[in-house]
Amino acid sequence: MKKFLVFFLLGLLLLIAQAIWRMLFPGWRTSPEFLFILVVYSGVNRNPFIGPILAFCFGFMTDSLWGVQPGLTAATYTIVYFLSRLSGRRFYIRSYVYQVLIVALMTFLAKALVWFILSTLDSTADLGAVFWTTVWRQMLWNGLFAIPVVSQLERMEQRVSEDYAERFMGSFGEW
Amino acid sequence: MFHFLSQHRVLLLVLVLVLLGLHLLSSGLKHQTDVGVFGKAVLYIYSPIYQVLSWPFQKIAWLVSKYIYLVDVRDTNTRLRSQNQQLKGQLARFEELEAENQRLSALLKLKNSADPPVAYARVVGRSLTPEFRTLIIDAGTADGVGPGMAVVTAEGLVGFVAVAVPHAAKVVLITDASARVDAIIQRTRGQTMVFGRGKSQCTLEYLTDADVVNGDRIITSGIGGVFPKGITVGVVSSINRGQTSAPQGIWLLPVVDLDAVEEVAILAAKPVGEGLTR
């Protein structure tokens, strides 16, 4: 519960940070999605129960504040959490290269999913061009910011974790 | 059974949440952009916190933008001086035309179609992802703002209010992929529909008249009652005629710089009809 609250509040701060970034550079079509990186991090670290709930809550908040289709980002973030969780089982999650690649890959999958759902819902929406022109930049932003954001999240998680010593003995990543 | 549930509990939880998300999506489609009580609660709680925390950053952004502005102010100044000379000549002609227009309007007792704004608001947030084109403004139901109201600037149309809480509201821009505006070509009076495409420009669809050229001004038709008649939406920026004379792809550049808009006015909504669809 403590971790849930800490990460929930952290998510709120990241959401605000993301919005401030967007305000500082209004002309830029893409900007780093800190909250998305948190969702991927939560999945990669295989955080059972609170991970999917957090992912859903963050997606719902994003939908409520900025989205046009309520529930779309909530469902997408939950799926991203699950896919990240699957990948976290198979790779060495502390590698920077992995962190960048997994965040970039998940960004691509999430944007593709949103594009697919929106195109299915409204055949006149024609978001294909938007998807292909923005997805690469979005992958780059999220990938680049994965390293600093993940390292800060790891540090925070270590502080919050009750079994601090045990985590350093080798079970890093498991909550 | 219990063993299966226990073993796949995370997968089941994910499935339930994804289904819940899709349910919200489905019900959202039924009720337009209504996000429900929880969605409104998020906007209600978040907007004041964000406004307080983002205030210093907005000031920094303002200072930075002013500095960047000063860097090329000399070039701009030279260019503007020459433009100013030309515009002075045009202005004299337009003043004469305006005076004539006023006299004729009074003569014909033409009613001014633009209703006075319900409220004025400051833009306090912009959408975080390129898929959605939305803004958050600092006026809400307490200021008389409600869903479906048109949002404009002095230049033209910005979008419409999707969700409103007491002191904030979410505005869907005309460039959002879900936005549709019933419009007319000012020069020919031909009917058309402006489609948001999720990009910085919109497209014109369902033209009743093939006579459209670059630079044509597109204004709201007033049909449907959402947007008052005569608000400028944008200017035709490019036309793809393909192999036929009939235009196939017409791009419209909004007159309002939607990436930089800072203050807006909200106009009262009339009963929602076919003027705005999703």
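Residues numbered from 1 in each chain as written. Chains lettered and ligands numbered in written order. Predicted model: local features only at pLDDT ≥ 70, side-chain atom pairs only at ≥ 80, totals over all residues. Heavy atoms only, no water.

Draft legend 1. Fine view of the overall build of chain B. From N to C terminus, chain B includes four helices and twelve strands. Of the roughly 15,200 Å² of accessible surface on chain B, 60% is carried by carbon and sulfur atoms. (Helix = DSSP H or I, 4+ residues; strand = E, 2+ residues; numbered from the N terminus. Areas by Shrake-Rupley, 256 points an atom, 1.4 Å probe, with all protein chains shown as cover.)

Draft legend 2. How the structure looks around the nonpolar core. Among the nonpolar cores identified, the biggest contains 109 residues, and V194, V264 and I266 of chain B are the most heavily contacted of them. Top element by residues in this core is helix α1 (residues 2–24) of chain A. It accounts for ten residues. Setting aside residues no more than four positions away along its own chain, I266 of chain B makes contact with P117, V118, A119, A121, I137, V145, M149, A150, V151 and V161 of chain B. (Core = buried A, V, L, I, M, F, W, Y, C linked by side-chain atoms within 4.5 Å. Buried < 20%, exposed > 50% of the residue type's maximum accessible area, 1.4 Å probe, protein only. Contact = heavy atoms within 4.5 Å.)

Draft legend 3. Highlighting the interface of chain A and chain B. Tallying the contact residues gives 52 residues for chain A and 54 residues for chain B. Between chain A and chain B, the buried area comes to about 5,000 Å², and carbon and sulfur atoms account for 74% of it. When the buried surface of chain A facing chain B is broken down by residue, M23, W66 and V68 of chain A rank first, second and third, together holding 16% of it. For the interface between chain A and chain B, the tally reads zero salt bridges. Counting across the chain A and chain B interface gives four residue pairs in polar contact (both at pLDDT 80 or more). Of all the secondary structure elements, the ones that give two or more residues to the side of chain A that touches chain B are α1, α3 (50–66), α4 (72–88), α5 (96–121) and α6 (128–160) of chain A. A total of nine residues in the side of chain A that touches chain B trace back to one element, the largest contributor, which is α3 of chain A. In terms of residue class, the side of chain A that touches chain B is made up of 31 nonpolar, 13 polar and eight charged. (Buried area = accessible area lost by both parts, 1.4 Å probe. Salt bridge = Lys/Arg side-chain N within 4 Å of Asp/Glu carboxyl O. Polar contact = N/O pair within 3.5 Å; in protein donor to acceptor, adjacent residues only side chain to side chain. Nonpolar A, V, L, I, M, F, W, Y, C, P; charged D, E, K, R; others polar.)

Draft legend 4. Focus on the pattern of salt bridges. Residue and element names in this part refer to chain B. Scanning the entire structure with this criterion turns up five salt bridges over all chains. With a shortest N-O distance of 3.7 Å, R122 and D138 are connected by a salt bridge. Of this pair, R122 sits in strand β1 (residues 119–126) while D138 sits in the loop between β2 (134–137) and β3 (150–152); the two residues are 16 residues apart in sequence, bridging distant segments of the chain. Salt bridges sharing partners connect three or more residues here, namely R187, D211 and D216.

Draft legend 5. Quick look at the sheet that holds strand β10 (residues 232–240) of chain B. Residue and element names in this part refer to chain B. The strand order β6-β7-β8-β11-β10-β9 describes a closed barrel built from six strands, whose pairing is antiparallel. For this sheet the average axis-to-axis angle between neighbouring strands, irrespective of direction, equals 40 degrees. Pairing of β10 with strand β11 (residues 249–254) involves six bridges; the strand directions are antiparallel. Across the sheet, the residue bridging to V235 is L253, located in β11. (Pairing = 2+ DSSP bridges. Axes fitted to C-alpha atoms, helices over the stretch in contact; angles between N-to-C directions.)

Draft legend 6. Molecular detail of the pairing of strand β5 (residues 168–173) of chain B. All names here are of chain B. When you tally the buried positions in β5, you get six out of six residues, the bulk of the element. Direction of pairing for β2 relative to β5: antiparallel, over a ladder of four bridges. Directly across from T134, in β5, lies its bridge partner V172. Pairing geometry for strand β4 (residues 157–165) and β5, over six bridges, is antiparallel. For F160, the partnering residue across the bridge sits in β5 and is V172. Count of turn residues in the β4/β5 antiparallel hairpin: two residues.

Draft legend 7. View of the pairing of strand β6 (residues 180–185) of chain B. Residue and element names in this part refer to chain B. With six of six residues buried, β6 is to be regarded as a mostly interior element. The alternating pattern of β6 places R180, D182 and I184 and V181, A183 and I185 on opposite faces, both of which are buried. Two strands pair when backbone bridges link them, and β6 and strand β7 (residues 191–196) are joined in this way by five bridges, in the antiparallel orientation. Opposite I184, over in β7, you have Q191 as the bridge partner. Here three bridges tie β6 to strand β9 (residues 217–220), and the two strands are oriented antiparallel to one another. Residue pairing in the sheet places I185 in a bridge with I218 of β9.

Draft legend 8. View of the packing of aromatic side chains. Residues and elements named next belong to chain A. Taken as a whole and assessed by the stated rule, the structure comprises eleven aromatic pairs over all chains. Where W141 meets F145, the ring centres are 5.9 Å apart and the plane angle is 40 degrees; that geometry is what we call tilted. One end of the pair, W141, and the other, F145, are both in helix α6, four residues apart, so they sit about a helical turn from each other. Taken together, the ring pairs in this structure connect W21, F34, W141 and F145 into an aromatic cluster. (Phe/Tyr/Trp six-rings, centres within 6.5 Å; stacked < 30°, edge-to-face > 60°.)

Draft legend 9. Representation of the sheet that holds β1 of chain B in the model. Read once around its circumference, the closed barrel built from six strands follows the order β1-β2-β5-β4-β3-β12 (chain B), with strand pairing classed as antiparallel. Averaged over all neighbouring strand pairs, the angle between strand axes comes to 45 degrees, with direction disregarded. Strands β1, β2 and β5 of chain B of the sheet are contacted by α3 of chain A, whose axis makes an angle of about 80 degrees with β5 of chain B.

Draft legend 10. Looking closely at the confidence of the model for chain A. For chain A, per-residue confidence averages 80 on the pLDDT scale, and 81% of positions sit at 70 or higher. Ranking the elements of chain A by mean pLDDT puts helix α7 (residues 164–168) of chain A last, at 49, and helix α2 (residues 34–44) of chain A first, at 90. (pLDDT = per-residue confidence, 0-100.)

Draft legend 11. Local environment of the environment of T203 of chain B. Residues and elements named next belong to chain B. With respect to the secondary-structure elements, T203 resides in strand β8 (residues 202–205). Taking C-alpha positions, T203 is 5.5 Å from L252, a pair spaced 49 residues apart along the chain. With residues near it in sequence (within four places) discarded, T203 still touches M193, V194, F195, R197, I250 and W251. Within the structure, the side chain of T203 is placed 3.0 Å from the side chain of R197, a separation counted as a polar contact. Within the local environment of T203, its side chain forms a polar contact with the side chain of E205, the two groups lying 3.1 Å apart.

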